[in-house]
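# Understanding the architecture of this molecule
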Amino acid sequence: VAARPAARYAATYSSLSRRKKSLPVNTVLNVVPQQEAWVIERFGKFHEILEPGLSLLLPVIDQIRYVHSLKEIVVEIPSQSAITQDNVTIHLDGVLYLKIIDPYKASYGVEDPEYAVAQLAQTTMRSELGKLTLDTVFKERASLNTHIVDSINQAADPWGMTCLRCEIRDIMLPDKVVEDMQRQVSAERKKRASILESEGSRESSINVAEGHKTSTILASEANRMQKANLAKGDAEALLTVAEATAQSIERIAAAINMPGGKDAIALKVAEQYVNAFGNLAKQSNTVLLPANAGDPASMIATAMSIFDRVRAATPTAGTPTTPAPPSQH
């Protein structure tokens, strides 16, 4: 612990000695280079600040005490450790871009302005990191740089310097924390993959259900149309059969009324009688025969007598029907 102040004092002493060694010598007629400011003391007291160009100084009396560069100065912030709000130790370094705006304050406000600003940047960086969690350090990197610049400018105003920019270069985490972050990233990716897979399965199930629903509806409509077409076809077939039967009956009736019609009917009945008896043994082993099965003439006569009675009972078309006389009580 004691070595740190010693190292800082050595760095400060070397910086001051370097600045003193680089001081020019008063040659009465002195040329100040561009972007430099020379602080002149007379009898050990501040006298004036020489601007770029030719200047006349009194020998021995006037001394060039400080020489400041008005160019932008780059100061590296060495790597240091800091603790975040969630107690994670990280190491980081950065770069400061400074500029002297008041040579008088830079000469008499602080012993070494560059070293003072660098130390202030380190302490400010630690304090600002202590307000952030590890997850927000990388997100708030730009705002962290802005806060550091604002804090340095507020404190460095009496020193005649301003901080133009502050850039954090590297943020190094412990190996254990890096492994945990990698596992967290892997878990997040697996979670997203599972969510996407489940959403895909849900969409697939919905699409399959919609397909089954549509196919069922289309099948039911097709079945309904098929039944309607079949019913319509059956109705048309029945109507056609009925019309054909009616026409055949009309033609048979007309044929019966013609000369020889009864003989033709008798012949047709005899043919059907013979054909019917011929098919009885083919359709069943048990056969019921009438008593006069061997007398086809009597069977035909019986059928013709039945036909005549039905015909006599049925009124002919165009013949008025005689109403029955009223019953007398």
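Just above sits the structure.
This write-up is about the structure you can find in this document. (Residues numbered from 1 in each chain as written. Predicted model: local features only at pLDDT ≥ 70, side-chain atom pairs only at ≥ 80, totals over all residues. Heavy atoms only, no water.)

## What about the sheet that holds strand β6 (residues 73-83)?
The criterion, for reference: Think of it this way: DSSP has to see at least two bridges between two strands before they count as a pair. Strands here mean DSSP runs of E at least two residues long; helices mean DSSP runs of H or I at least four residues long; both are numbered from the N terminus. Fitted lines through C-alpha atoms give the axes, limited to the stretch in contact for helices. The angle between two N-to-C directions lies from 0 to 180 degrees. The contact rule is simple, with two residues in contact once any of their heavy atoms fall within 4.5 Å.
Across the sheet, which stays open at both edges, the 3 strands sit in the order β6-β7-β8 with antiparallel pairing between neighbours. Every interior strand has two partners, whereas the edge strands, β6 and β8 (161-172), have only one. Strand after strand, the sheet turns through a mean of 25° between neighbouring axes, direction not considered. With respect to the sheet, helix α3 (residues 113-129) is in contact with β6, β7 (89-100) and β8, its orientation differing from that of β6 by roughly 35°.

## Things to note about the packing of aromatic side chains
For clarity, the threshold we go by: Paired rings are identified among Phe, Tyr and Trp, the last through its six-membered ring, by centres lying within 6.5 Å, and are further divided according to the angle between planes into stacked (under 30 degrees), edge-to-face (over 60) and tilted (the rest). Each residue's exposure class comes from its accessible area (1.4 Å probe, protein chains only) as a fraction of the maximum for that residue type: buried when under 20%, exposed when over 50%, partly exposed otherwise.
Throughout the structure, instances matching the rule amount to 4 aromatic pairs. Ring geometry for Phe46 versus Tyr108: centroids 6.1 Å apart, planes at 80°, classification edge-to-face. Of this pair, Phe46 sits in strand β3 (residues 45-50) while Tyr108 sits in helix α2 (residues 103-108), and the two are 62 residues apart along the sequence. Given a relative accessible area of 35%, Tyr108 falls into the partly exposed group. Measuring from centroid to centroid gives 5.6 Å for Tyr66 and Tyr108, while their planes differ by 85°, and the two rings are edge-to-face. Taken together, the residues Tyr66 in strand β5 (residues 62-69) and Tyr108 in helix α2 connect sequence positions 42 residues apart.

## Points about helix α5 (residues 141-156)
The condition is simple: Multiply 1.5 Å by the residue count of a helix minus one, and that product is the helix's expected span. Read the arc as the range of directions from the helix axis to the C-beta atoms.
With 16 residues, α5 ought to run about 22 Å at 1.5 Å a step, and its terminal C-alpha atoms sit 22 Å apart, in line with that. Within α5, burial applies to Leu144, Asn145, Ile148, Val149, Ile152 and Ala156. Down the axis of α5, the smallest arc covering the buried residues is 135°, so these residues share one side. Along its buried surface, α5 packs onto β7, α3 and β8.

## Quick notes on the nonpolar core
Here is a general trend for soluble globular proteins: nonpolar side chains tend to be buried in one another's company. Put simply, the test is: The criterion is simple. A nonpolar core is a set of buried Ala, Val, Leu, Ile, Met, Phe, Trp, Tyr and Cys residues joined through side-chain atoms within 4.5 Å.
Ranked by internal contacts, the top residues of the largest apolar core, which has 35 residues, are Leu96, Leu98, Val117, Leu129 and Ile152. At the level of elements, β6, β7, α3, α4 (134-139), α5 and β8 are the ones that each hand at least two residues to this core. Element by element, the count of residues in this core is highest for α3, at 7 residues. Those residues in contact with Leu96 that sit more than four places away from it in its chain are Ile73, Val74, Val75, Ile77, Val117, Ala118, Ala121, Ile152, Cys163, Arg165 and Cys166.

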